[in-house]
Amino acid sequence: MDAATLDRAGAGPPWAAPAGRPPALVAVAHGSRDPRALPTVRALLDAVRALRPWLPVRLGHIELNEPLLDRTLADPALAPDPALAPGPETTPGPETTPGPATTPGPATAHHEPAPDAVRPPEAVPAPDAVLVPLLYGPGHHVRHDLPRAAARAPHLRVRTAEPLGGDPLLARALHARLSEAGWRPGDAARPDTAVVLAAAGSRDPGSAAAVRRTARLLAARLGGGVPVVAAYTSAAAPGVPEAVAALTARGRPRIAVASCFTAPGLFATRAAEAAPWLAAAPLGPHPALAELVLRRYDQALAAGPVVHPADQRRQPACR
């Protein structure tokens, strides 16, 4: 599968500006004490806004940086728009006497709506906000912290999108950052070369599966049969130094580390320090990552009726 095919995989239909106010996209970053992190995340959201200028895009953090997610969800600007609420029911008027029957005209073709046709806005309750985690696997933050934050905002209809891992757009961004660090097309065919895909670890098996899928997509994009090994900076094995040591023992000492992190921080720094050859920068405001944030937003909106606020404590993250 070539790079262009990988980029198109999973792509949704083109979107146009809606007639009413669309649900807000609330990007959820982890937060970091690194002073470069917040400007990097803000630059990514600026790239998202440039792709869809009419979409309200907000930022909330799980910890360490302002605004925290609870504060973002408490903002009155996210409250339901009264102008989009359904109007009051009307009382039917008096019955009228039917007029004379009319002769039917020529039959017209009856068209059934396409199965994937977009329903009118009133057919499915729209959320007020879609939480898009700037994370790469369904770990504790996605499965627990985000639904709890939604439950603490009962005035809103909130849906949680899938994390960003395991998508061809992510592989495109990772490839680009490797190229910026010095990776060249011929490197993939060298028998002494390999790539370590560094990501935050989690005890959730779904998180490791997402990182491994991303590693496979990156390997397909790089081509040449180059091995791409998933490794972690915390909570899971192998760690990045262990993955580097294992590849070196297999006769592949020329190792590039791809950084599966949104912004600079402790984990990205640890991963870069373990690189014996190239260390790619975090993904930041890469255009493919901005596209991926919008893809996850669109997928969440297409996932079905939104959970009512009273039921949000039971809402899982999309899987």
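The model shown is predicted, which means the values in this text are computed figures rather than measured ones.

*Asks:* Whenever I open this one, the overall build of the protein chain confuses me. Can you help?
*Replies:* Across its full length, the protein chain carries nine helices and eight strands. By the burial criterion, 45% of the 319 residues in the protein chain qualify as buried. Summarising the internal contacts of the protein chain: among those between residues at least 6 apart in sequence, 80% fall at separations of at least 24. Accessible surface, the protein chain as shown: approximately 16600 Å² in total, 58% of it carbon and sulfur.

*Asks:* Any chance you could explain the nonpolar core here in plain terms?
*Replies:* Side chains of a nonpolar character, in soluble globular proteins, are inclined to be buried together. Formed by 53 residues in total, the largest nonpolar core has its most connected members in L25, L178, W183 and V195. Considering each element in turn, this core owes the most residues, eight residues, to helix α9 (residues 287-301). For W183, the contacting residues outside a window of four places in its chain are L178, A188, T193, V195, L222, V226, A256, W277 and L278.

*Asks:* What should I look at first to understand the pairing of strand β2 (residues 57-61) in this one?
*Replies:* Both faces of the sheet carry side chains from a regular strand, because those side chains alternate between them. Most of β2 sits out of view: four of its five residues are buried. With five bridges joining them, strand β1 (residues 24-29) and β2 adopt parallel strand pairing. If you follow V26 over to β2, its bridge partner there is R58. Handedness of the β-α-β unit built from β1, helix α2 (residues 37-51) and β2 comes out right-handed.

*Asks:* I'm lost on the sheet that holds strand β8 (residues 278-279) in this one. Help?
*Replies:* The pairing of strands in a sheet happens through backbone hydrogen bonds and is either parallel or antiparallel. Judged by pairing direction, the sheet is parallel, and its four strands sit side by side in the order β6-β5-β7-β8 without closing on themselves. Only two strands of the sheet have a single neighbouring strand rather than two, namely β6 (228-232) and β8. Taken together, the five bridges between strand β5 (residues 193-199) and β6 define a ladder with parallel strand orientation. Looking across to β6, one finds that A199 is bridged to Y232.

*Asks:* Hey, could you run me through the environment of V158 in this one?
*Replies:* Note that V158 resides in strand β4 (residues 158-160). What makes V158 buried here is its relative accessible area of 0%. In sequence terms V158 and P127 are 31 residues apart; their C-alpha atoms lie 5.5 Å from each other.

*Asks:* Could you clarify how one ought to interpret the sheet that holds β4 in this entry?
*Replies:* Judged by pairing direction, the sheet is parallel, and its four strands sit side by side in the order β2-β1-β3-β4 without closing on themselves. Each of the sheet's edge strands pairs with one partner strand only, and the pair in question is β2 and β4. The average undirected angle you get between the axes of adjacent strands in this sheet is 25°. Where strand β3 (residues 129-133) lies against β4, three bridges are found, and the strand directions are parallel. Within the sheet, the bridge partner assigned to V130 lies in β4 and is R159. Packed onto the sheet, helix α4 (residues 140-151) meets β1, β3 and β4 and runs at close to 155° relative to β3. Where α9 meets the sheet, it contacts β1, β3 and β4, and its direction lies at approximately 135° from that of β3.

What counts and how
Residues numbered from 1 in each chain as written. Predicted model: local features only at pLDDT ≥ 70, side-chain atom pairs only at ≥ 80, totals over all residues. Heavy atoms only, no water. Helix = DSSP H or I, 4+ residues; strand = E, 2+ residues; numbered from the N terminus. Buried < 20%, exposed > 50% of the residue type's maximum accessible area, 1.4 Å probe, protein only. Contact = heavy atoms within 4.5 Å. Areas by Shrake-Rupley, 256 points an atom, 1.4 Å probe, with all protein chains shown as cover. Core = buried A, V, L, I, M, F, W, Y, C linked by side-chain atoms within 4.5 Å. Pairing = 2+ DSSP bridges. Right-handed = clockwise from strand over helix to strand, strands pointing away. Axes fitted to C-alpha atoms, helices over the stretch in contact; angles between N-to-C directions.

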